[in-house]
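# Observations on the three-dimensional arrangement
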2 protein chains.
Amino acid sequence: MPTLSGKNRAKTAELCHALADETRLDILDQLKDGERCVCELTDAMQAAQSRLSFHLKVLKDAGLIQDRPEGRWIYYAINADVVEELEALVASLRVMRKKGRSDSRC
Amino acid sequence: MPTLSGKNRAKTAELCHALADETRLDILDQLKDGERCVCELTDAMQAAQSRLSFHLKVLKDAGLIQDRPEGRWIYYAINADVVEELEALVASLRVMRKKGRSDSRC
DNA sequence: CTTATACATCAAGAATTCATGATATGTCAA
DNA sequence: TTGACATATCATGAATTCTTGATGTATAAG
């Protein structure tokens, strides 16, 4: 579970960093409807193969996508579990309704 | 509304980039329970003032936080609207249940 | 066994991001 | 008006990230 504070904070930052690039958002948009192999992505997007490979690795290292080798191809798909964790993370940002100041002062 | 594709994609990347740093996650964690001025954050966290100011600007430019000047202090708070937009964005990553391959091929 | 295809990885450089220390701006108090 | 405090901004350098083109590896077809 990625969290704002504590020992998982670095993992949270890594997850968000994986989302912080337009090429990678494009990839996720392509994967939204199901798995795709790299050559399909290369066709659909305007990106050199090594560039795609680089970004797929960033997404995979962050845990956002999974790969499934099949013969000569490797199929990538969004990791549904991590998406649920992301939802929990964003939910933790919901502002407390009590606008209450703390008792600290400068 | 930040989206995966289309003209808001850059805004989405900016939002996620703002979340992709441990110092900024710390700041958001501090703001979770209500607004704080910079000096309170400086006390609570282990960060030089100029460093905090830099990261507050990143968060503010991305729309994640708002500021409210009051006398000599500036109070920062999480922007609830943007959090809701983030929730919608993450929801759009939910995997379609039909694992169906598309009709494309390599 | 040779060749083509799908993909990963590497090396080098450009661009961006971040940290730090110094300086600037504005507000309040004495 | 002088000085202290809260905060922003700037300049510099270090570190990280991204792109590109070249090379490596595995698989499959002929």
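Since the structure is predicted, the reported quantities are computational estimates derived from the model, not experimental observations.

## What about the sheet that holds strand S2 (residues 65-70) of chain A?
- What the three strands build is an open sheet, ordered S1-S3-S2 (chain A); its pairing is antiparallel. Across the chains shown, the open sheet's two edge strands, defined by having one partner strand only, are strand S1 (36-37) and S2 of chain A.

## Examining the relation of the copies chain A and chain B
- Superposition of chain A onto chain B requires a rotation of 180° combined with a translation of 0.0 Å along the rotation axis, giving an RMSD of 0.0 Å. Taken together, these values place the two copies in the relation of a two-fold axis.
- Interface overlap between copies is the fraction of interface residues in one copy that are interface residues in the other; for chain A against chain B it reaches 100%, indicating a shared surface.

## So, the packing of helix H1 (residues 9-19) of chain B against helix H4 (residues 49-61) of chain B
All names here are of chain B.
- H4 packs onto H1 with a crossing angle of 150° between their chain directions and a minimal axis gap of 9 Å. It follows that H1 is roughly antiparallel to H4 by the angle criterion. Seen from above, H1 lies across H4 with left-handed handedness. Packed against H1, whose contacting residues are Lys11, Glu14, His17 and Ala18, the element H4 presents Val58, Leu59 and Asp61 at the interface.

## Describing the interface of chain A and chain B
- On the chain B side, the residues contacting the 48 residues of chain A number 48 residues.
- Of the roughly 4400 Å² buried at the junction of chain A and chain B (both faces included), carbon and sulfur atoms supply 60%.
- The interface formed by chain A and chain B holds six salt bridges in total.
- At the junction of chain A with chain B, the criterion picks out eight residue pairs in polar contact (both at pLDDT 80 or more).
- Of all the elements in the fold, those that place two or more residues in the side of chain A that touches chain B are helix H1 (9-19), helix H2 (22-31), S1, helix H3 (38-44), strand S3 (73-78) and helix H5 (80-91) of chain A.

## Notes on the protein's contact with DNA strand D
- Around DNA strand D, the surrounding shell holds 21 residues, and the nearest of these are A:His55, B:Cys39, B:Gln49, B:Ser53 and B:Tyr76.
- Here the atoms of DNA strand D within 4 Å of the protein split so that 67% fall in sugar or phosphate, with bases taking the remainder.
- For DNA strand D, a phosphate oxygen lies 3.1 Å from a polar atom in the side chain of A:Arg24.
- Interatomic distance of 3.3 Å between a backbone N/O atom of B:Ile74 and a phosphate oxygen of DNA strand D.
- Among the secondary structure elements, those contributing two or more residues to the surface near DNA strand D are helix H4 (49-61) of chain A together with helix H3 (38-44), H4 and strand S3 (73-78) of chain B.
- Looking at the surface near DNA strand D residue by residue, the classes come out as eight nonpolar, seven polar and six charged.

So, how was this worked out
- Residues numbered from 1 in each chain as written.
- Chains lettered and ligands numbered in written order.
- Predicted model: local features only at pLDDT ≥ 70, side-chain atom pairs only at ≥ 80, totals over all residues.
- Heavy atoms only, no water.
- Pairing = 2+ DSSP bridges.
- Helix = DSSP H or I, 4+ residues; strand = E, 2+ residues; numbered from the N terminus.
- Least-squares fit on C-alpha atoms with pLDDT ≥ 70 in both.
- Contact = heavy atoms within 4.5 Å.
- Axes fitted to C-alpha atoms, helices over the stretch in contact; angles between N-to-C directions.
- Parallel < 35°, antiparallel > 145°, perpendicular 65-115°, else oblique.
- Left-handed = near helix turned anticlockwise from the far one by under 90°.
- Buried area = accessible area lost by both parts, 1.4 Å probe.
- Salt bridge = Lys/Arg side-chain N within 4 Å of Asp/Glu carboxyl O.
- Polar contact = N/O pair within 3.5 Å; in protein donor to acceptor, adjacent residues only side chain to side chain.
- Near = heavy atom within 4 Å.
- Nonpolar A, V, L, I, M, F, W, Y, C, P; charged D, E, K, R; others polar.

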